[in-house]
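Below are the chains, spelled out letter by letter.
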Amino acid sequence: MEKMILMKPDASFAEEIRSYREEFLKNGDSMDGTASLRRDEDPVVWLKNVELYADKETVPSNFVCATQFIYVREADHRIVGMIQIRHELNEYLSQYGGHIGYSVRPSERRKGYAKQMLQKCLPYCKSLGMDRVLVSCIDTNIASRKTILANGGVYESTVYEPNEQINLEKYWIQL
Ligand SMILES: CC(C)(COP(=O)(O)OP(=O)(O)OC[C@H]1O[C@@H](n2cnc3c(N)ncnc32)[C@H](O)[C@@H]1OP(=O)(O)O)[C@@H](O)C(=O)NCCC(=O)NCCS
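Predicted model only: the values in this text are computed from it and were never measured.

> Provide a residue-level description of the overall build of the protein chain, including the pertinent values.
Along the backbone of the protein chain there are 5 helices and 7 strands. By the compact-globule yardstick of 16 Å for 175 residues, the protein chain fits well, its C-alpha radius of gyration being 15 Å. Seen through its C-alpha atoms, the protein chain measures out along the principal axes to roughly 40 × 40 × 35 Å. Evaluated residue by residue, the protein chain yields a buried proportion of 46% over its 175 residues. Partitioning the intrachain contacts of the protein chain with sequence separation of at least 6 by distance along the chain shows that 59% fall at a separation of at least 24. For the protein chain, the computed accessible surface area is about 9500 Å², with 49% contributed by carbon and sulfur atoms.

> Describe in detail the packing of helix α4 (residues 113-127) against helix α5 (residues 142-150), supporting the description with residues and values.
Put simply, α4 and α5 touch, their axes get as near as 9 Å, and they point 40° apart. Taken together, the axes of α4 and α5 are oblique relative to one another. Regarding α4 and α5, the two cross each other, and that crossing is right-handed. For the pair α4 and α5, the contacting residues are Ala114, Lys115 and Leu118 in the first and Lys146, Thr147, Ile148 and Ala150 in the second. Of the residues that constitute the contact of α4 with α5, the class distribution is 4 nonpolar, 1 polar and 2 charged.

> Residues and numbers for the sheet that holds strand β4 (residues 100-104), please.
Pairing in this open sheet of 4 strands is antiparallel, and the strands run β1-β2-β3-β4 from one edge to the other. Both edges of this open sheet fall to β1 (4-7) and β4, since each of them pairs with a single strand only. Each neighbouring strand pair of the sheet contributes to a mean axis angle of 15°, computed without reference to strand direction. Of the strand pairs in this sheet, strand β2 (residues 66-73) and strand β3 (residues 78-86) are connected by 8 bridges, and their pairing is antiparallel. Note that in β3 the partner of Val72 across the bridge is Ile79.

> Talk me through the nonpolar core; I want residue IDs and the actual numbers.
Core analysis: the largest hydrophobic core is formed by 23 residues, its most contacted members being Ile83, Ile85, Ile100, Tyr102 and Val133. If you list the elements that add at least two residues to this core, you get β2, β3, β4, α4, β5 (132-138) and β7 (166-174). Counting residues per element, this core draws most heavily on α4, at 7 residues. Contacts of Ile100, omitting those with residues within four sequence positions, involve Ile83, Gln84, Ile85, Arg86, Leu118, Leu122, Cys125, Val133, Leu134 and Val135. Judged by nonpolar contacts, the second largest core, of 13 residues, contains Ile17, Val50, Ile79 and Met82.

> So what's going on with the environment of Asn90? Residues and values would help.
Residue position: Asn90 is located in the loop between β3 and α3 (91-97). Asn90 sits in the partly exposed class, given a relative accessible area of 24%. Taking the C-alpha atoms as reference, Asn90 lies 30 Å from Arg18; in sequence the two are 72 residues apart. Dropping the residues within four chain positions of it, Asn90 is found in contact with Asn62 and Val64.

> Run through the sheet that holds β5, naming residues and quoting values.
Strand order in the open sheet formed by 3 strands is β5-β7-β6, and the pairing between neighbours is antiparallel. Looking at strand neighbours, the two that pair on one side only are β5 and β6 (154-161), the edges of this open sheet. Here the strands of the sheet are splayed against their neighbours by 25° on average, with no regard to which way each runs. Alignment of β5 against β7, held across 7 bridges, turns out to be antiparallel. Residue pairing for β7: Cys137 is matched across the bridge by Glu169.

Definitions and cut-offs
Residues numbered from 1 in each chain as written. Predicted model: local features only at pLDDT ≥ 70, side-chain atom pairs only at ≥ 80, totals over all residues. Heavy atoms only, no water. Helix = DSSP H or I, 4+ residues; strand = E, 2+ residues; numbered from the N terminus. Rg over C-alpha atoms; globule rule 2.2 N^0.38 Å. Buried < 20%, exposed > 50% of the residue type's maximum accessible area, 1.4 Å probe, protein only. Contact = heavy atoms within 4.5 Å. Areas by Shrake-Rupley, 256 points an atom, 1.4 Å probe, with all protein chains shown as cover. Axes fitted to C-alpha atoms, helices over the stretch in contact; angles between N-to-C directions. Parallel < 35°, antiparallel > 145°, perpendicular 65-115°, else oblique. Left-handed = near helix turned anticlockwise from the far one by under 90°. Nonpolar A, V, L, I, M, F, W, Y, C, P; charged D, E, K, R; others polar. Pairing = 2+ DSSP bridges. Core = buried A, V, L, I, M, F, W, Y, C linked by side-chain atoms within 4.5 Å.

Treat this as a map of the structure, not an account of what it does.
Written as structure tokens, this is what we have:
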């Protein structure tokens with residue numbers, strides 16, 4: 001079985017971070033769970049921002065502290081996915097965004113990586129003192145819904161997010 005590693009990103013992954021971003025841009029796809037990657041063309045800038053988000057002292061105002069993980073295939077050091085854990089919920093996150101955002105690069109989808117990645121993050125959430133996590137997905141995102149359900153997500157409600165004009169399904173996973 002292939003070995004997969006959930007880890008924090010560092011500069012040794014600069015080229016992988018760049019290619020992950022480019023694949024999403026080429027695909028016109030949503031870069032969920034990647035912090036400021038859409039905006040940050042330079043991986044060094046992105047890594048710096050990830051660091052700022054991780055620390056209460058430096059997180060931008062209106063944001064909560066968050067930990068960024070990458071999901072790496074050991075055999076070729078490919079970043080197949082990214083997942084971000086928000087340490088607490090502010091008003092926006094509690095209504096819409098939830099504790100966790102994630103994505104898998106288009107060329108690596110439908111191999112079970114999202115399900116694994118979410119599962120491997122849950123002990124970390126528990127270690128932060130959470131006893132349950134909120135995860136949400138757009139109501140038309142079948143893959144994300146299945147990812148959440150496979151990890152024990154229990155449906156709470158569907159809410160309309162007016163800025164992006166989307167319906168979001170909210171699920172709770174007990175830790
Ligand atoms: C959602 C996403 C992370 C899923 O990643 P993935 O690695 O392909 O997901 P998995 O392979 O773990 O599959 C999870 C489940 O969804 C199913 N699935 C995956 N892609 C699917 C698709 N396009 N259509 C229908 N079902 C799909 C899988 O068969 C699996 O179902 P199962 O539990 O019955 O086996 C990925 O599509 C993605 O990055 N999308 C863009 C960003 C995004 O939407 N993030 C989620 C925000 S809430």
